Amino acid sequence: MSVENIGIVQINRTEDLLHTLIACSHFRKEYPQFQLHLIARKQFAKPIYPLLKKYFNSIHLLDLKEISNPKHQENLRPIFSALQNLDVFLASINQLNLKLCLNFSFSKSSSFLMSLIQTPRKMGLLRDQFAHEKITDIWSQYIHSCYRRQTNNPFHPVDLYKKILGARNTPPASPKNIATGIISIAPQGCDRKDQWSPAKWIEIIYQILKQKNDCQIKILQTGDENEIIEAIINAPSLKRFSHRIQSYHHALGSAELISILEKSQLLISANSEILSLSSITQTASLGIFLAHNSPTTSAPYLTNTLLISPRANCFPCLKAEDCDHLSCHRDIPADLIQTLTMAYLDGKDISPQFLQQEISPLSLGSANIHCGQKASWGNELMPIDLTNNPLNSSHAFALIYRITWSYLLEEIEIDTPFPIISENTKQTLINYQEGLHSLYELCEFGAKYSEYAVKESQQNSASMEKIQDYSQKLGEIDQLALMLKSKFSNLSPLIDFFHLIKANIPGNTILELAQSSLITYHDYSNAVRITDELCKSILSKNGVQS
């Protein structure tokens, strides 16, 4: 049997590489006949290089400093030296005889890199012969338009990569059930916005060690900043437990860190990278999600993990947004984490009934508690709400879009109960009726002018002036749709997704382009109508009649 080589371009951060690795491991279980070759940035791949070697047949590290370094070609100008070094790097990739190359990075630089890789088939963000952005496969279009730009994305990134790869038959794994008494804690977030205060960590550790005499705490550090960890270790209240607390500083993918996680009974972490690593070691986890780290997109890709997040209306925020208040940090009380940890160590079933009986209404009302589970409709990870707290508008639209996208893009009908929503969310959904109706009318106008263009193109003596006029009308419709985002930001996924689809519609003639435009606007209308009907149904189930 002939070997087929597939290239994977992932030049984003280490966490994205971990998600890519997990998706590719599922793909290899289903399709062992393929060989996978990874193209990654050296600075992001180096921390987890031993892990990557286990899942990829070859790894090609892009080192921009080395490529731009002219020391080996002193007689060349720097630009020519860099080009020569780049040619050497590309030669190592192009000699693999790739049958397919997938771009999982969705960055501008990765799209240009894809244009230099020689392969008959490519997927993801590309560049055409005019250096224009081009994306042809539907899930790559979704990721580029919705996943990285919105706060209400309903899919885990591993599931999105699996959809592109076609790995649909392997479900998320479950944590290993071991009773070692070792609790690993990773208190450092990946940036300032998800850095929880040392005082809360100290309180959690104190209560755990006080109540469990046979427990050990291992504090994990992967970055250079150590102020939080020093504050914890030197806390006066923890001095009598110092013999049961150990601190470790290891690289993210090091054998030592992996060994600690594999021996841990539970991981408590606000660090999304270490939570992603726990997916590979199959370590039971209690994840704390703050700021831009959503429990949908940053959770471990495992079932039966606890995901704790704030109920602040601004959560989750975009990573680029600055915040001086960080009110989401105050929404999760330390005693909630301590109670859930004790329940897990005692082998209790952490169910909605348990939460109602064992946790105060004040704590339950200030935080959301989800449990990662395999979705009933497929091998995807789905956070299940254990608190039944009313949803804010961002979470409500995430659920709505999960149903909408699953039906439109995969023809999957999701059977899920209607959620309870807050009073603010009720008003938001009522206000969004105007935006949805306006967007639907624009879609209908788009379909009408596309149909005019189709009919005119079919005439023996087609008028280019009329076709150009229809095209101008379609451009105006698209601009009006984009303007709706300023007032109705939660409609951005719909608007951005179909705006990208229209920019990549197939066709080599005016007639083919007009026909593709007509089909796209009909799909656009269906998406808006489904979203509108879901909003009305949720409002109706929450006592609001339209």
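In case you missed it, the structure is sitting above this.
Residues numbered from 1 in each chain as written. Predicted model: local features only at pLDDT ≥ 70, side-chain atom pairs only at ≥ 80, totals over all residues. Heavy atoms only, no water.

Student: Describe in detail the sheet that holds strand β5 (residues 122–123), supporting the description with residues and values.
Tutor: Reading across from one edge, β3-β2-β1-β4-β5 is the order of the five strands in this open sheet, with parallel pairing throughout. Every interior strand has two partners, whereas the edge strands, β3 (58–62) and β5, have only one. Helix α1 (residues 14–30) contacts β1 (4–9) and β2 (34–41) of the sheet and is inclined by roughly 175° relative to β2. Across the sheet, helix α6 (residues 108–116) lies against β1, β2, β3, β4 (100–103) and β5, angled at about 170° from β4, the strand it touches most. (Pairing = 2+ DSSP bridges. Helix = DSSP H or I, 4+ residues; strand = E, 2+ residues; numbered from the N terminus. Contact = heavy atoms within 4.5 Å. Axes fitted to C-alpha atoms, helices over the stretch in contact; angles between N-to-C directions.)

Student: Before we move on, can you summarise the nonpolar core with the specific residues and values?
Tutor: Of all hydrophobic cores here, the largest spans 100 residues; its most connected members are Ile8, Tyr142, Trp405 and Tyr524. Take this core: its biggest share by element is 11 residues, from helix α20 (residues 510–541). In terms of nonpolar packing, the next biggest core, distinct from the first, is built from 45 residues, Leu336, Phe354, Ile359 and Leu386 among them. (Core = buried A, V, L, I, M, F, W, Y, C linked by side-chain atoms within 4.5 Å. Buried < 20%, exposed > 50% of the residue type's maximum accessible area, 1.4 Å probe, protein only.)

Student: An account of the packing of aromatic side chains is needed here, citing residue identities and associated values.
Tutor: The geometry of two aromatic rings is summed up by the distance between their centres and the angle between their planes. Going through the model one piece at a time under the given rule, you end up with 20 aromatic pairs. Judged by centre distance (6.1 Å) and plane angle (70°), the ring pair of Tyr31 and Phe34 falls under edge-to-face. Here Phe397 and Tyr401 contribute two aromatic rings whose centre-to-centre distance is 6.0 Å and whose plane-to-plane angle is 35°, an arrangement assigned as tilted. Of the two residues, Phe397 and Tyr401 are both situated in helix α16 (residues 393–410); the distance of four residues between them amounts to about one turn of the helix. Overall, Tyr401 belongs to the buried group, its relative accessible area being 1%. A connected cluster of aromatic rings, assembled from ring pairs, spans Trp139, Tyr142, Phe155, Phe397, Tyr401, Trp405, Tyr432, Phe488, Phe497, Phe498, Tyr521 and Tyr524. The aromatic ring of Tyr449 is capped on one face by Lys448, whose charged end is 5.2 Å from the ring centroid. (Phe/Tyr/Trp six-rings, centres within 6.5 Å; stacked < 30°, edge-to-face > 60°. Lys NZ or Arg CZ within 6 Å of the ring centre and 35° of its normal.)

Student: Report on unusual backbone geometry, specifying residues and quantitative values.
Tutor: Positive phi outside glycine occurs at Phe106, with the angle close to 60°. One can find Phe106 in the loop between β4 and α6. Among the residues examined, Phe106 registers a relative accessible area of 6% and is labelled buried. Residue Asn304 is not a glycine yet carries a positive backbone phi of 60°. Using a relative accessible area of 41% as the deciding quantity, one classes Asn304 as partly exposed.

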